[in-house]
Each structure stands twice: as structure tokens, then as C-alpha cells.
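# Descriptive analysis of the structure
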Amino acid sequence: MKIVEQSHMILYPCTEDDWETEYKLIELAGRTAYKSENKISAESHIAFIKGIVSRNHLAVIEFGNIVVHFVTDRGITHELVRYRLCSFVQESTRYCNYGSGKFGNEVAFVMPSGLDDLLRKGEWIQSCRDSEDQYLKLLEIGCTPQQARAVLPNCTKTEIVVKANFREWRHVFELRAVSKDAHPDMRLLMIPLYEEVRAICPQIFDLGDPE
Ligand SMILES: Cc1cc2nc3c(=O)[nH]c(=O)nc-3n(C[C@H](O)[C@H](O)[C@H](O)COP(=O)(O)OP(=O)(O)OC[C@H]3O[C@@H](n4cnc5c(N)ncnc54)[C@H](O)[C@@H]3O)c2cc1C
């Protein structure tokens, strides 16, 4: 078995120019409402977006998008895929055969946070080992990956690509990064992304400090 850390990577926008493309599209779409396209200049999107957000005219920021690749566990992705306005592609336990050479003939897991004493950590490792043994045994006796996956736990590592517009990301950050009520491991995944995006574009994504 292998233990991996949660992580994120923004796939798009990748560069400052990409971010500007999103901002400028928001401005172009938004100025259609006021027929003020004649005010567009190299820098005008900054004040325009600030104004839109301060008036809570958030439909306009739906024209900007972010795509993020996450490494996390299947418990966390079960929560993430509840956000209906996002698009998702997730590593498939139907098609990925962790008993094959491609995966090193082993299953990867994410350790829940807070298992900070040896007893609890040891028990968790043992239960992952047991489920991995059972998974590999089921494959050996002819089960398909989509049958064998039934014995894998929520802490099985997974990867998911999430695309959403700026408004939906604000919603996700409010509930899963800023709010103290989110699952601690969701917050460990989401707060670094929130802080990254907040630093890039505070006029849209500054929702305050995580509680
Ligand atoms: C702390 C916490 C605990 C939770 N506990 C549970 C739990 O115990 N059990 C459980 O099942 N879920 C639970 N959830 C998940 C929660 O119920 C939502 O499914 C999840 O947070 C997605 O939120 P959402 O529907 O607002 O987002 P999205 O689906 O992304 O929707 C975004 C927004 O669009 C609007 N919208 C979307 N669809 C509709 C619609 N059909 N009608 C009207 N407006 C719509 C709403 O304004 C919504 O807020 C929990 C979430 C949190 C943050």
C-alpha cells in the first residue's frame, strides 16, 4: 500500500494572460447590460469587476472559469460531486486496476488528519492493508476491478478534475474552505486553493479569512 498527500493544481487559468482573458470576457459580457463597451480599455476590467461584485451582480462573473486537478480521497470527492453546477472527471475504480503493473500492484490511500498517535495510526494502516489484501485477492480469483472495488474504503486515493465558473467556486469556498463546519480534510484540501485564488483575484474571491 501507498500513502499519498492531498494536493491541488490549477489547470486553467495557467498564466496571468489566461486570468486576464477570463476577466476581459466578464467585462465584455457585463458591459452588454449597460451598453458601455466603449469604456473598455487595457485596465478597465479591474474597476468593472470590482463594481459588479460590490453590487452583488454575480451572474456576470459566471463568465469566468477555473479548472482544478485534485488528489484526495473518495470520501472527500463524494462531498465535492454534490456541487451541481460544476463539471467533473474522476479516476475510475471501474476501469483502473490497482492490481496491475501500471499501479505498482498496490492501492494508494490518504490518511485522515488527526490520527496523531501511534495506536490510531497503526490501526488505520492495518485496515487499509486488509482491504488492499482483499481487493488483490478478489482480482486474483477472477473478479473485475469494478467488483473488487467494493472492498475499498472511503480513504482510497482518487484524482478528480473540477471545472466551475467563478460564482460557483465562491460558493464552494464559502462552504468548504471558509466555514468551520466543513470536514477537516476538505478544508485541508480547499483552503490552500482558496488562498491561492484569493491572492490572484481578491476582488472576486476575497470571502474573508477561514473561520
Ligand atoms: C457542513 C455541511 C454538511 C453537509 N451535510 C450533508 C448531509 O448530512 N447530507 C447530505 O445529503 N448533504 C450534506 N451536505 C451537502 C449539501 O446538502 C449540498 O448538497 C452541497 O453542499 C452542495 O451545495 P449546493 O446545493 O448549495 O451547491 P450546488 O449544487 O453547486 O448549487 C449551487 C446553488 O445553486 C442553486 N441551486 C442548485 N440546484 C438548485 C435547485 N434544484 N433548486 C434551486 N436552487 C438550486 C442553489 O442556490 C445552490 O446553493 C452538507 C454540506 C455542508 C457544507
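Up top you'll find the structure we're talking about.
An account of the accompanying structure is given in this report. Please read all numbers here as calculations on a predicted model, not as lab measurements. (Residues numbered from 1 in each chain as written. Predicted model: local features only at pLDDT ≥ 70, side-chain atom pairs only at ≥ 80, totals over all residues. Heavy atoms only, no water.)

### Regarding the packing of helix H6 (residues 166-178) against helix H7 (residues 184-200)
Note the following rule: Helix axes use the C-alpha atoms of the stretch in contact, all axes being lines fitted to C-alpha atoms, and the angles between their N-to-C directions lie in the range 0 to 180 degrees. Secondary structure elements follow DSSP: runs of H or I of four or more residues count as helices, runs of E of two or more count as strands, with numbering from the N terminus. Working definition: roughly parallel below 35 degrees, roughly antiparallel above 145 degrees, roughly perpendicular at 65 to 115 degrees, and oblique for all remaining angles. Should the near helix be turned anticlockwise from the far one by less than a right angle, the crossing is left-handed, and should it be turned clockwise, the crossing is right-handed. Here, two residues are considered to be in contact whenever any of their heavy atoms come within 4.5 Å of each other. For this classification, Asp, Glu, Lys and Arg are treated as charged, while Ala, Val, Leu, Ile, Met, Phe, Trp, Tyr, Cys and Pro are nonpolar and the rest, including Gly, are polar.
Viewed as axis vectors pointing N to C, H6 and H7 meet at an angle of 130°, and their least axial separation amounts to 8 Å. Viewed along their axes, H6 and H7 adopt a mutual orientation that is oblique. Seen along the crossing, H6 lies across H7 with a hand that is left-handed. Contacts between H6 and H7 involve Trp169, Val172, Phe173, Arg176, Ala177 and Val178 from the former and Met186, Arg187, Met190, Ile191, Leu193, Tyr194 and Val197 from the latter. Among the residues forming the contact of H6 with H7, the class breakdown is eleven nonpolar, no polar and two charged.

### Here we look at the pairing of strand S6 (residues 157-165)
Stated precisely, the cut-off is as follows: Should DSSP find at least two bridges between two strands, the strands are taken to pair.
Pairing of strand S3 (residues 65-73) with S6 involves nine bridges; the strand directions are antiparallel. The residue bridging Thr72 from the neighbouring strand is Thr158, located in S6. The pairing of strand S4 (residues 87-90) with S6 spans four bridges and is antiparallel. Looking at the pairing, Gln90 lines up with Ile160 of S6.

### Digging into the packing of helix H1 (residues 16-34) against helix H2 (residues 44-54)
At a closest axis distance of 9 Å, the pairing of H1 and H2 adopts a crossing angle of 65°. In this structure, H1 meets H2 at a crossing whose hand is left-handed. Across the interface between the two elements, Glu20, Tyr23, Lys24, Ile26, Glu27, Gly30, Arg31 and Tyr34 of H1 pack against Ser44, His45, Phe48, Ile49 and Ile52 of H2. Here the contact of H1 with H2 is built from residues that sort into six nonpolar, three polar and four charged.

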